[in-house]
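Residue strings, one per chain:
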2 protein chains.
Amino acid sequence: MDTKKLINALSKTKLASRYFSNVSTETKNKILENISENLKTYKDKIIKENKKDIFYAEKKHLSSALIDRLRLTDKSIEDMISSLKEIESLPDPVGTVISEWTRPSGIRIQKVRVPIGVICMIYESRPNVTIDSTALCIKSGNAVILRGGSEAINSNRVLVKVIKKALKDAGLSTDLVQFIDSPKREIIYKIIKLDNFIDLVIPRGGEKMIKDIRRHSTVPVLSHGKGLCHTYIDKDADIDMAIKVSYNAKVQRPGVCNAMETLLVHRDIANKVLPELSKMYKRAGVELRGCPQTQKILPFVKKATEKDWSTEYLDLILSIKIVNSTEEAIKHINKYGSGHSEAIITENQKEAEKFIKYVDASAVFHNASTRLHDGGVFGLGSEIGISTQKLHARGTMGLNELTTTKYIVYGTGQIRT
Amino acid sequence: MDTKKLINALSKTKLASRYFSNVSTETKNKILENISENLKTYKDKIIKENKKDIFYAEKKHLSSALIDRLRLTDKSIEDMISSLKEIESLPDPVGTVISEWTRPSGIRIQKVRVPIGVICMIYESRPNVTIDSTALCIKSGNAVILRGGSEAINSNRVLVKVIKKALKDAGLSTDLVQFIDSPKREIIYKIIKLDNFIDLVIPRGGEKMIKDIRRHSTVPVLSHGKGLCHTYIDKDADIDMAIKVSYNAKVQRPGVCNAMETLLVHRDIANKVLPELSKMYKRAGVELRGCPQTQKILPFVKKATEKDWSTEYLDLILSIKIVNSTEEAIKHINKYGSGHSEAIITENQKEAEKFIKYVDASAVFHNASTRLHDGGVFGLGSEIGISTQKLHARGTMGLNELTTTKYIVYGTGQIRT
């Protein structure tokens, strides 16, 4: 795909997005319904195309984890459909009046939610992102440019056909969803410089890929952040609760961003929680690494190095540090944490308040597991990720975060004097 | 200032910002009061230092407009003080609960406003920005790094002394406000790569400077946008109102971003408004440039070129285009406009609604002057600028836009299952 062809495609998408920003909720839901229907109708075709990607991936000896993420089954297509149904059922953010007031001069001001415009998704192997992201963008009134991983190109091609048919059958321009049908990496660097045609880039993938896009993009970037999450067990913690929550935060699903990577324990309670907790972790296959004080209580534990405190394991590994105070816990978190999700377990309101106030993160939990940081759990419906940046969106991101605002001012001839 | 010294200074500021994010409204107001007092006490000293900058600026034959922006007088110091008083009187955004709800599991979720952290202001000649920006950052709980124009370095140095004394007298760390005391431009390119220490860069100045910072910064950038604003007089406009508002939008203060640059007039009403309006513009010294149809009605008007439609004159120059419909006006605005402020004058609700919906801008005015797009006029108190970007803040930006959010989750031992 040469630059001229790319610009031509994107300018069509931009144009289509103008009209689409004001289509009714009914029409947008109709598109989502059509996609669901088409996924059912073309299920066999989709799985056949996906098999080509699997074949090439195996031939190239890609990792089994990657091949697993790449594979589409009856079940994964059903999951796409239920995700579509869920997004359909969510309220449409577009047109919501956030605030409204009248000034002494008589002008009435409304601040309303409007779509961002054209959103570019850059993602890796999982083909379901093609459907999920498109559904979120459509429901929030945005056009979308899709650039999936080269290893999923056959799957994505057929999924985009399914989407385009759904648009056409709803009477809308197929330019609203633009698929970048090129396996070459260089195309990404061209796209993220086209700020005249794209309003927002959302990269989903590894930390390195996201950093790279941030560094080169002239289009604003909104991204899912790395999660180096802590749980701090205060001296006044309920011991049973501390054990239950710390176990859950590490073990329930260790490979995700809101799982705990480091456990901080107040020295006055360490002897009461660590022996029992370490037994449970051991049974679950968790490898423990500890500071020298931890090693005194749990002699079998490997020494944690400086590198451990700043590592997002995403695995059944946990580093443990004993601290002298809530202040020390906060300091450790603000130094090594990624600003994602942080928890304190305590019955002491004063310590809890201190932790909540001074920990710099997108979400702070008092007596609850960091694993709860999730759009679904929070009751926001679907999410496109959890932002650890501070501008535009922080924490779990859903439909609202795919919108911007517009001031509408109603006057009767008012001027500036 | 070498890189090591710079990083050392910024890391102190970052550290100071942690504590400052939770100081009371009273303390923050006390700092603002202290600055006001110090401005009064050291007025003569400030004006003396400013005279050095003026002397060098004149010696270097800088433009009289720049020297004018650079000059501090009794009046400009009084203006700084009243701006400080205004910011003092505004509600503190920090700690505001934006939303709060409880989930079936029993967790209670709050979304609260918190400071962004460390904000870096990069600006040009006007030394009052040193005081105004610092005041806005302090009131919103942020630390601030100031990098003013090299031509204002003596003025800024003394103003920063005034600020640091105010911080010290309120019992706070003087590291909260960091002045980059270097006239070299290269330092800017070092600063905007230090994303470990700075959370947000706000450039204020020319379009080229802002674009340059956007292109090189690895820190998120929030900037005041260019204003290529239109007023569209619909065929169903109230003629007197159309003339009054269009005159105001161009003439009241032509050098600012929310002034009108292009007037669009429906062909059916052009004969009724243009002759009278052009007389008024002529009396005010406005140079008119028109499309061929405009020239038929106003034969003395110079021809507008393609370049005129995309020029932000910031001067007593106006381009005029006659259009066949609201649709054509919208198309022109979405092609040439900068997404700042756009107005329609009409008594026809349907045309107004169409314009409001399909014009892509931070603020859309129905029967009112684009000049009204201003934090003060909107009742938001002070503003740090008007954003034409779509992420984080769009339109006039005040204290709220210098904050981010944090989820606080209160549980009783809830875990993810």
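Predicted model only: the values in this text are computed from it and were never measured.

Asks: Got a minute to help me understand the overall build of chain A in this structure?
Replies: Looking only at helices and strands, one finds 16 helices and 16 strands in chain A. In terms of overall dimensions, chain A is globule-like: its C-alpha atoms have a radius of gyration of 24 Å, near the 22 Å expected for 417 residues. On the principal axes, the C-alpha backbone points of chain A span a range of 70 × 70 × 35 Å. Scored against the burial criterion, the 417 residues of chain A give a buried share of 50%. Long-range contacts, defined as pairs at least 24 residues apart, comprise 72% of the intrachain contacts of chain A with a sequence gap of at least 6.

Asks: Which parts of the structure should I look at to understand the pairing of strand S7 (residues 229-233) of chain A?
Replies: In the case of a regular strand, side chains alternate between the two sheet surfaces. Residues and elements named next belong to chain A. In terms of burial, S7 is a largely internal element, 5 of the 5 residues being buried. Residues Cys229, Thr231 and Ile233 of S7 are buried on one face, and the alternating residues His230 and Tyr232, pointing to the opposite face, are buried as well. Relative to strand S8 (residues 260-266), S7 is paired through 5 bridges, and the arrangement is parallel. Paired with isoleucine 233 across the bridge in S8 is valine 265. With helix H10 (residues 239-251) bridging S7 and the parallel S8, this β-α-β connection has right-handed handedness. Note that S7 and strand S12 (residues 341-345) share 4 bridges and pair parallel. Bridge pairing in S12 places threonine 231 opposite alanine 343.

Asks: Would you mind showing me how to read the relation of the copies chain A and chain B here?
Replies: In this arrangement, two copies of a chain are superimposed by a rotation about an axis accompanied by a shift along the axis. When chain A is fitted to chain B, the residual RMSD is 0.1 Å, and the transformation amounts to a turn of 180° plus an axial shift of 0.0 Å. Here the two chains are linked by the operation of a two-fold rotation axis. Closest approach to the rotation axis among the C-alpha atoms of chain A is made by histidine 392 of chain A, whose C-alpha sits 1.8 Å away. Interface overlap between copies: 100% of the residues of chain A at the interface are likewise at the interface in chain B, consistent with a symmetric, same-surface contact.

Asks: Mind showing me how you'd approach the sheet that holds strand S6 (residues 200-203) of chain B here?
Replies: Adjacent strands of a sheet form backbone hydrogen bonds with each other and so pair up, either parallel or antiparallel. Residue and element names in this part refer to chain B. Taken together, 4 strands build an open sheet; the order of strands is S5-S4-S3-S6 and the sheet is parallel. Single-partner strands in this sheet number two, and they are strand S5 (177-179) and S6. Strand after strand, the sheet turns through a mean of 20° between neighbouring axes, direction not considered. Here strand S4 (residues 143-147) runs beside S5; their pairing, made up of 3 bridges, is parallel. For valine 144, the partnering residue across the bridge sits in S5 and is valine 177. Across the sheet, helix H6 (residues 128-139) touches strand S3 (118-122), S4 and S5, and the angle it forms with S4 is around 165°.

Asks: Just checking my understanding: could you explain the interface of chain A and chain B for this structure?
Replies: By a widely used convention, the size of an interface equals the accessible area lost when the partners come together. Every contact between the two is made by 53 residues of chain A and, on the other side, 54 residues of chain B. If you list the elements that add at least two residues to the side of chain A that touches chain B, you get H10, helix H15 (349-358), strand S13 (363-368) and strand S16 (403-414) of chain A. When its residues are assigned to classes, the side of chain A that touches chain B shows 22 nonpolar, 20 polar and 11 charged. When S16 of chain A meets strand S13 (residues 363-368) of chain B, the two strands line up parallel, connected through 5 bridges.

Asks: For this particular structure, what's the right way to read the sheet that holds S12 of chain A?
Replies: The strand order across the open sheet built from 10 strands is S10(A)-S9(A)-S11(A)-S8(A)-S7(A)-S12(A)-S13(A)-S16(B)-S2(B)-S1(B), with neighbouring strands paired in mixed fashion. The sheet is open, and its two edges are formed by strand S10 (302-303) of chain A together with strand S1 (97-102) of chain B, each paired on a single side. Taken together, the 4 bridges between S12 of chain A and S13 of chain A define a ladder with parallel strand orientation. Its bridge partner being in S13 of chain A, isoleucine 344 of chain A is matched across the sheet by histidine 366 of chain A. In this fold helix H14 (residues 326-336) of chain A packs onto S7, S8, strand S11 (317-323) and S12 of chain A, with an angle of close to 140° to the strand it touches most, S11 of chain A.

Asks: Explanation requested: the domain arrangement of chain A in the structure shown.
Replies: For chain A, the domain assignment lists domain 1 (3-224 + 397-409) and domain 2 (229-377). Between the C-alpha centres of domain 1 of chain A and domain 2 of chain A there is a distance of 36 Å.

Asks: Whenever I open this one, the environment of alanine 304 of chain A confuses me. Can you help?
Replies: Residue and element names in this part refer to chain A. Along the polypeptide, alanine 304 turns up in the loop between S10 and helix H13 (306-309). Owing to 21 C-beta atoms within 10 Å, alanine 304 belongs among the buried residues under this scheme. Sequence separation between alanine 304 and glutamate 327 is 23 residues, and the spatial gap between their C-alpha atoms is 21 Å. Not counting the four nearest positions on each side in its chain, alanine 304 is found in contact with Arg289, Gly290, Cys291, Trp309 and Ser319.

Asks: Just to check I follow, could you spell out the environment of tyrosine 42 of chain A for this structure?
Replies: Residues and elements named next belong to chain A. Relative to the helices and strands, tyrosine 42 is located in the loop between helix H2 (25-41) and helix H3 (43-59). Using a count of 18 C-beta atoms within 10 Å as the deciding quantity, one classes tyrosine 42 as partly exposed. Taking the C-alpha atoms as reference, tyrosine 42 lies 8.9 Å from valine 158; in sequence the two are 116 residues apart.

Asks: Explain H2 of chain A here, please?
Replies: Within an α-helix, residues lying three or four positions from one another point in the same direction, as the helix has 3.6 residues per turn. Residues and elements named next belong to chain A. Taking 1.5 Å of rise per residue, the 17 residues of H2 would be expected to cover 24 Å, and the 24 Å separating its terminal C-alpha atoms lies within 8% of that figure. Where H2 is concerned, the buried positions are Lys28, Ile31, Leu32, Asn34, Ile35, Ser36 and Leu39. In the core, the buried residues of H2 are packed alongside H3, helix H5 (74-89), helix H6 (128-139) and helix H7 (153-169).

Asks: Sorry if this is basic, but what is going on with the pairing of strand S3 (residues 118-122) of chain A here?
Replies: Residues and elements named next belong to chain A. With 5 of its 5 residues buried, S3 lies for the most part within the structure. Residues Val118, Cys120 and Ile122 of S3 are buried on one face, and the alternating residues Ile119 and Met121, pointing to the opposite face, are buried as well. As paired elements, S3 and strand S4 (residues 143-147) share 5 bridges and run parallel to each other. Of the residues in S4, the one forming a bridge with methionine 121 is leucine 146.

Asks: I tried to follow the environment of isoleucine 344 of chain A on my own but got confused; where do I start?
Replies: Residue and element names in this part refer to chain A. Position of isoleucine 344 among the secondary structure elements: in strand S12. Sequence separation between isoleucine 344 and aspartate 234 is 110 residues; the distance between their C-alpha atoms is 6.9 Å. The contact partners of isoleucine 344, leaving out residues within four places of it in the chain, are Tyr232, Asp234, Ala352, Phe355 and His366.

Asks: Which parts of the structure should I look at to understand unusual backbone geometry?
Replies: With the exception of glycine, most residues fall at negative phi, and the peptide bonds are largely trans. Residues and elements named next belong to chain A. Despite not being glycine, leucine 314 shows a phi value in the positive range, around 55°. By the secondary structure assignment, leucine 314 is in the loop between H13 and S11. Assessed through the 14 C-beta atoms surrounding it within 10 Å, leucine 314 is described here as partly exposed.

Asks: Help me out: how do you make sense of the packing of H3 of chain A against H7 of chain A in this one?
Replies: Each pair of packed helices gets described by two things: the angle between the helix axes and the distance between those axes. Residues and elements named next belong to chain A. Running from N to C, H3 and H7 cross one another at 155°; their axes reach a closest spacing of 7 Å. Comparing the axis directions of H3 and H7 gives the class roughly antiparallel. Residues Lys45, Ile46, Glu49, Asn50, Lys52 and Asp53 of H3 lie in contact with H7, whose contacting residues are Ile153, Asn154, Ser155, Arg157, Val158 and Leu159. Partitioned by chemical class, the residues of the contact of H3 with H7 number 4 nonpolar, 3 polar and 5 charged.

Rules behind the numbers
- Note that residues are indexed from 1 along each chain, following the sequence as it is written.
- All chains are assigned letters beginning at A, and all ligands numbers beginning at 1, according to the order in which they are written.
- Under the rules for a predicted model, residues below a pLDDT of 70 receive no local features and side-chain atom pairs below 80 are neither given nor counted, while totals for whole chains, interfaces and linings still include all residues.
- For helices the rule is a DSSP run of H or I covering at least 4 residues; for strands it is a run of E covering at least 2, with both sets numbered from the N terminus onward.
- As defined in this context, the radius of gyration uses C-alpha atoms, and a globule is described by 2.2 Å times the residue total to the power 0.38.
- Labels follow a simple rule on C-beta atoms placed from the backbone: if 20 or more others lie within 10 Å of a residue's own, it is buried; if 12 or fewer, it is exposed; otherwise it is partly exposed.
- We call two residues in contact if the C-beta atoms placed from their backbones are at most 7 Å apart.
- Here, strands pair whenever DSSP counts at least two bridges between them.
- The path from the first strand over the helix to the second decides the hand: if it runs clockwise while the strands point away from the viewer, the crossover is right-handed.
- Alignment of copies: least-squares fit on C-alpha atoms of residues with pLDDT of at least 70 in both copies.
- For helices, the fitted line uses only the C-alpha atoms of the stretch in contact; every axis is such a line through C-alpha atoms, and the angle between N-to-C directions lies from 0 to 180 degrees.
- Side-chain classes are defined by residue name, with Ala, Val, Leu, Ile, Met, Phe, Trp, Tyr, Cys and Pro counting as nonpolar, Asp, Glu, Lys and Arg as charged, and the others, Gly among them, as polar.
- Annotation comment: domain bounds sourced from an automatic or database domain assignment.
- Take the number of residues in a helix, subtract one, and multiply by 1.5 Å to get its expected span.
- Angle categories are assigned with fixed cut-offs, so that under 35 degrees is roughly parallel, over 145 is roughly antiparallel, 65 to 115 is roughly perpendicular, and the rest are oblique.

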